[in-house]
Amino acid sequence: MRVSTFRVLLSVALVASAALGAAGQATIDPPGSRQPVAPTRPRVLPLAETEWTDVHRQLVAKFSRDGRADNALKTLLHVPEIVDGLMPFTIYLSEESSLSPRHRELLV
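Everything in this summary refers to the structure shown in the same document. (Residues numbered from 1 in each chain as written. Predicted model: local features only at pLDDT ≥ 70, side-chain atom pairs only at ≥ 80, totals over all residues. Heavy atoms only, no water.)

## Re the overall build of the chain
Filter applied, for reference: The numbering of helices and of strands both runs from the N terminus, where a helix is a DSSP run of H or I of at least 4 residues and a strand a run of E of at least 2. Residue burial is assigned from relative accessible area. The probe radius is 1.4 Å, only protein chains are included, and a residue is buried under 20% of its type maximum, exposed over 50%, and partly exposed in between. Should any heavy atoms of two residues lie within 4.5 Å, those residues are counted as being in contact.
Along its length, the chain carries 5 helices and 0 strands. The order of α-helices and β-strands along the chain, N terminus first, is α-α-α-α-α. Residues classed as buried in the chain amount to 15% of the 108 residues present. If you take every contact in the chain between residues at least 6 apart in sequence, the share linking residues at least 24 apart comes to 41%.

## Quick look at the environment of Arg104
Defined as follows: Any pair of N or O atoms that falls within 3.5 Å is considered a polar contact. Within protein, one atom must be able to donate a hydrogen and the other to accept it, and sequence-neighbouring residues count only if both atoms are side-chain atoms.
The residue Arg104 is located in helix α5 (residues 101-107) in this model. Note: C-alpha distance between Arg104 and Leu93 (11 residues apart in sequence) is 6.6 Å. If we ignore the near neighbours within four places in the chain, the residues touching Arg104 are Leu93, Ser94, Glu95, Ser97 and Leu99. Here Ser94 takes part through its backbone oxygen, which lies 3.5 Å from a polar atom of the side chain of Arg104. There is a polar contact of 2.9 Å between the side chain of Arg104 and the backbone oxygen of Ser97.

## Remarks on the nonpolar core
To be explicit about the condition: What we call a nonpolar core is a set of buried Ala, Val, Leu, Ile, Met, Phe, Trp, Tyr and Cys residues that are connected through their side-chain atoms within 4.5 Å.
Of all hydrophobic cores here, the largest spans 11 residues; its members are Leu47, Trp52, Leu59, Val60, Phe63, Ala69, Leu73, Leu77, Val83, Met87 and Ile91. Secondary structure elements with two or more residues in this core: α2 (54-63) and α4 (80-96). Residue contacts for Phe63: discarding those within four places in its chain leaves Val83, Asp84, Met87, Pro88 and Ile91.

## Topic: α4
For clarity, the cut-off: Expected helix span is taken as 1.5 Å per residue step, with the number of steps being one fewer than the number of residues. Consider a residue and the seven residues that end there alongside the seven that start there; fitting an axis to each set, the bend is the angle between those axes.
In a regular helix each residue adds 1.5 Å, so 17 residues correspond to 24 Å; α4 covers 23 Å between its end C-alpha atoms and thus fits that length. Roughly 35° is the biggest bend found in α4, and it falls at Leu86, with proline Pro88 one to four residues downstream. When α4 is considered as a whole, its buried residues turn out to be Val83, Met87 and Ile91.

## What to know about the packing of α2 against α4
Relative placement of two packed helices is described by the angle separating their axes and the distance separating the axes. What counts is decided by this rule: The axes used here are C-alpha line fits, helices contributing only the stretch in contact, and every angle between their N-to-C directions lies in the interval 0 to 180 degrees. Roughly parallel here means an angle under 35 degrees, roughly antiparallel means over 145, roughly perpendicular means 65 to 115, and every remaining angle is called oblique. Note on residue classes: Ala, Val, Leu, Ile, Met, Phe, Trp, Tyr, Cys and Pro are nonpolar, Asp, Glu, Lys and Arg are charged, and everything else, Gly too, is polar.
Contact geometry of α2 with α4 gives a least axis separation of 11 Å together with a crossing angle of 0°. Considered as vectors, α2 and α4 are oriented roughly parallel to each other. Contacts between α2 and α4 involve Val55, His56, Leu59, Lys62 and Phe63 from the former and Pro80, Val83, Asp84, Met87, Pro88 and Ile91 from the latter. A class-by-class count of the residues in the contact of α2 with α4 yields 8 nonpolar, 1 polar and 2 charged.

## Some points on the side chain of Lys74
Among the secondary structure elements, Lys74 is positioned in helix α3 (residues 71-76). Every residue in contact with Lys74, bar those within four places of it in the chain, is listed here: Pro46, Leu47, Glu49, Trp52 and Ala69.

## Some words on the pattern of salt bridges
Where we set the bar: Think of a salt bridge as a Lys or Arg side-chain nitrogen and an Asp or Glu carboxyl oxygen that are within 4 Å of each other.
Enumeration according to the criterion identifies 4 salt bridges in this entry. Between Lys74 and Glu49 there is a salt bridge, with its nearest N and O atoms 3.9 Å apart. Within this pair, whereas Lys74 is found in helix α3, its partner Glu49 is found in the loop between α1 (3-23) and α2, the two being separated by 25 residues in sequence. The salt bridge partner of Asp84 is Lys62, with a shortest N-O separation of 3.3 Å. You can see Asp84 sitting in helix α4 and its partner Lys62 sitting in helix α2, a full 22 residues away along the chain.

Structure (structure tokens):
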């Protein structure tokens, strides 16, 4: 490739990259200048009690304190195998471990 052809291609590439850069975000917002927007609804809705099977009811009875499921447990009920695998560890961390309440909340 000749030097003049290389210079022309380089010039074209520089102009094209400048045009692409101008079309993108012109300025970067400084950290903390915008607050995140809270979602209006959950990404995965909790499983409604009307959709529960006997397996779901058994899991709620096994892993809830008062026989009522909170939203986290209701959401996990979409996949009962996850409930059976995750809830013993969650209960241990939140209620039975020797961690201080502050450290438990940090883990959550």
